[in-house]
Amino acid sequence: MKCLCVIGTRPEAIKMAPVILALKRESWANVRVLATAQHRHMLDQVNRFFGIEPDIDLNIMRPNQALTTLTARLLLELDGVLSAEKPDTVLIQGDTTTVMTVALACFYHRIPVGHVEAGLRTWDMQNPFPEEANRIIAGKLARWHFAPTDGARHNLLKEGVLDAAIKVTGNTVIDALLMTADRDLDLGIDLDSNRRLVLVTSHRRENFGEPFRTICQALRALAKKNSDVQFLYPVHPNPNVKDVAHEFLDGLENFTLCPPLDYAPFIAAMKRSYIILTDSGGVQEEAPALGKPVLVLRDETERPEAVDMGVVKLVGPNYERIVYEAQRLLDDDAVYRSMALGASPYGDGKAAERIVDTLRRDLLIA
Ligand code: UD1
Ligand code: UDP
């Protein structure tokens, strides 16, 4: 059975790695890896870390590429790849443009698709943009829906997906985290060990422009007010993020901006941090498992489980809420402890195993 696993961006490479490695241990599976390389450096470093070498690389990334151009170029390239490879099944992960275009191209080629991390929804097409549309399209076209949580399964049922096509697996991000977090990890940046660390990441398209400027202003105010706290922000290379972050946050004594950290150093940074401010999906899943309180720089999330547990809080791209909630966590030990529980609603590290079990059963019987 030829299984083509597709990865485009950093989070796809991280969350697909446990599936690729598990599938490669199966005698019935001929595993092929397609990198669209929607991200370049950020993708390559993850593959190096997990020892994964793509068989096909579309090298699709261009600086500041428009979504329509990216989509059109991907579809053209995918036509050729699917015709040449003729896979029995294709696996995709998440909600990027890579995922949406692969699902569509496979539909046209009549190739069954397994969607890893299926069923996440905010029910708001503009937020996150364009990811909500990407995952709805992938969800309409997939044959297997590997839902990370029961909530995600319910979202799919609500959209008319058959229960038999859904498998609740947990999120493979926890598989990857457990394969990594116990190793001797080096952050690779010298930070004052006496200062508490606030770790920041931000890259969402719906925050581009004024919302992201507001986030940066709030971060600046927090850094100025808390000279005893160290801030670390590995900045996403998208120019809409990078240029603004440097404009607002350069030159503060206790604020370090750096290029994106490789996966292992980033896990080290999360482990070393006191609190995390982020709009990342993956970080919202990883940080609670590491016992780190998270303030999410968005108004909505498709990952409500950790919010319901009280270990993640939405603060929006809202100046007052960001400053107030971060300051409360820094000042009030009881508040801090109530959010630093080490809860992991997103998985037990066996998601990839469950995905492979389902594929083995269905593909070998078919
Ligand atoms: C993409 C995904 C988003 C995901 C995020 C994870 C889409 C539309 N967006 O957003 O869902 O949450 O990845 O990080 O699929 N760049 C580099 N080097 C890299 C990667 C990116 O320079 O290794 C720069 C390039 O200028 C590129 C730009 O970032 O054009 C944007 O990349 P793109 O993949 O279109 O969107 P992201 O904002 O990264
Ligand atoms: N990450 C990383 N280096 C960084 C920031 C994040 O390796 O500098 C990892 C993080 O551990 C998580 C993933 O990247 O697994 C999240 O990716 P991102 O935030 O880019 O995308 P999202 O999850 O929002 O789609």
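Residues numbered from 1 in each chain as written. Chains lettered and ligands numbered in written order. Predicted model: local features only at pLDDT ≥ 70, side-chain atom pairs only at ≥ 80, totals over all residues. Heavy atoms only, no water.

(A) Molecular detail of the site of ligand 1. Looking at ligand 1, there are 24 residues lining it, with Gln38, His39, Arg62, Asn64 and Glu131 nearest. Note that an oxygen atom of ligand 1 is positioned 2.8 Å from one of the backbone N or O atoms of asparagine 64. For ligand 1, whose unbound accessible area comes to 740 Å², protein coverage reaches 92%. Classifying every residue of the shell around ligand 1 by side-chain character gives eight nonpolar, 11 polar and five charged. (Near = heavy atom within 4 Å. Polar contact = N/O pair within 3.5 Å; in protein donor to acceptor, adjacent residues only side chain to side chain. Areas by Shrake-Rupley, 256 points an atom, 1.4 Å probe, with all protein chains shown as cover. Nonpolar A, V, L, I, M, F, W, Y, C, P; charged D, E, K, R; others polar.)

(B) Representation of empty space enclosed by the protein. Enumeration according to the criterion identifies one cavity of 30 Å³ or more in this entry. Put simply, the largest cavity is a space of about 30 Å³. In this structure, the largest cavity is lined by Val116, Glu117, Phe146, Pro148, Thr169, Gly170, Asn171, Thr172 and Ile355. (1 Å grid on protein atoms, 1.4 Å probe; cavity = no way out; pocket = protein on both sides within 12 Å on 5 of 7 lines; lining within 4 Å. Points joined across faces, edges and corners; volume = space filled by probe spheres on them.)

(C) Just the packing of helix α1 (residues 10–24) against helix α15 (residues 351–365), in detail. Two numbers describe how α1 lies on α15: the axes approach to 9 Å, and their chain directions differ by 50 degrees. If you check the angle between α1 and α15, you find them oblique. Read as a crossing pair, α1 and α15 show a hand that is right-handed. Facing Pro18, Val19, Ala22 and Leu23 of α1, the residues of α15 in contact are Ala352, Ile355 and Val356. Partitioning the contact of α1 with α15 into residue classes produces seven nonpolar, no polar and no charged. (Axes fitted to C-alpha atoms, helices over the stretch in contact; angles between N-to-C directions. Helix = DSSP H or I, 4+ residues; strand = E, 2+ residues; numbered from the N terminus. Parallel < 35°, antiparallel > 145°, perpendicular 65-115°, else oblique. Left-handed = near helix turned anticlockwise from the far one by under 90°. Contact = heavy atoms within 4.5 Å.)

(D) A look at the site of ligand 2. Taken together, 15 residues form the shell around ligand 2, and within it Arg10, Leu261, Ser280, Gly282 and Glu286 come nearest. Arginine 204 has a polar side-chain atom sitting 3.2 Å from an oxygen atom of ligand 2. Take leucine 261: an N or O atom from its main chain is 2.7 Å from a nitrogen atom of ligand 2. Notes on ligand 2: free accessible area 540 Å², of which the protein chains cover 95%. Breaking the shell around ligand 2 down by element, the ones donating at least two residues are α1, α10 (263–272) and α11 (281–289). Considering only residue class, the shell around ligand 2 consists of seven nonpolar, four polar and four charged.

(E) Highlighting helix α4 (residues 97–108). For α4, with 12 residues, the first-to-last C-alpha span of 17 Å sits near the 16 Å given by 1.5 Å per residue. Counting buried residues along α4, nine of its 12 residues qualify, which places the element largely inside the surrounding structure. In this fold, the buried residues of α4 make contact with β1 (2–7), α1, α3 (67–85), β4 (89–93), β5 (113–116) and α5 (131–141). The distance from a side-chain oxygen at the start of α4 to the backbone nitrogen of threonine 98 is 3.3 Å, and the residue carrying that oxygen is threonine 96. Positive backbone phi, at 55 degrees, marks arginine 110, one or two positions downstream of α4. (Expected span 1.5 Å × (residues − 1). Buried < 20%, exposed > 50% of the residue type's maximum accessible area, 1.4 Å probe, protein only.)

(F) View of the sheet that holds strand β9 (residues 229–234). Read from one edge to the other, the open sheet built from six strands follows the order β10-β9-β8-β11-β12-β13, with strand pairing classed as parallel. Looking at which strands have only one partner, the edges of the open sheet turn out to be β10 (255–258) and β13 (312–314). Neighbour-to-neighbour, the strand axes of the sheet open up by a mean angle of 20 degrees, direction not taken into account. Inspection of the sheet shows strand β12 (residues 294–296) paired to β13 by three bridges, in the parallel sense. (Pairing = 2+ DSSP bridges.)

(G) Up close: the nonpolar core. Ranked by size, the top nonpolar core spans 60 residues in total, and within it Leu23, Trp28, Leu91, Leu232 and Leu359 carry the most contacts. Examining the composition of this core, we find that eight residues originate from one element, α1, more than from any other. The contact partners of leucine 91, leaving out residues within four places of it in the chain, are Leu4, Cys5, Val6, Met16, Val19, Leu23, Gly114, Phe146 and Leu359. In terms of nonpolar packing, the next biggest core, distinct from the first, is built from 34 residues, Val200, Leu222, Phe231 and Phe255 among them. (Core = buried A, V, L, I, M, F, W, Y, C linked by side-chain atoms within 4.5 Å.)

(H) Geometry of the environment of threonine 9. Position of threonine 9 relative to the elements: it lies in the loop between β1 and α1. According to the relative accessible area criterion, threonine 9 is buried, its value standing at 3%. Along the backbone, threonine 9 and threonine 97 are 88 residues apart, and their C-alpha atoms lie at a distance of 9.4 Å. Aside from chain neighbours lying at most four places away, what touches threonine 9 is Gln38, His39, Leu43 and Thr96. Polar side-chain contacts of threonine 9 include one of 2.8 Å to the side chain of glutamate 12.

(I) Looking closely at the packing of aromatic side chains. Under the definition given, this model contains six aromatic pairs. Relative to tyrosine 336, the ring of tyrosine 274 lies with its centre 3.9 Å away and its plane at 5 degrees, an arrangement referred to as stacked. In this pair, tyrosine 274 sits in the loop between α10 and β11 (275–278) while tyrosine 336 sits in helix α14 (residues 333–339), placing the two residues 62 residues apart along the sequence. Relative accessible area serves as the criterion here: at 16%, tyrosine 274 is assigned to the buried category. Cluster of aromatic residues (ring-pair linked, three or more members): Phe49, Phe50 and Tyr263. In this arrangement the basic side chain of arginine 196 is found over the ring face of tyrosine 274, its NZ or CZ atom lying 4.8 Å from the centre. (Phe/Tyr/Trp six-rings, centres within 6.5 Å; stacked < 30°, edge-to-face > 60°. Lys NZ or Arg CZ within 6 Å of the ring centre and 35° of its normal.)

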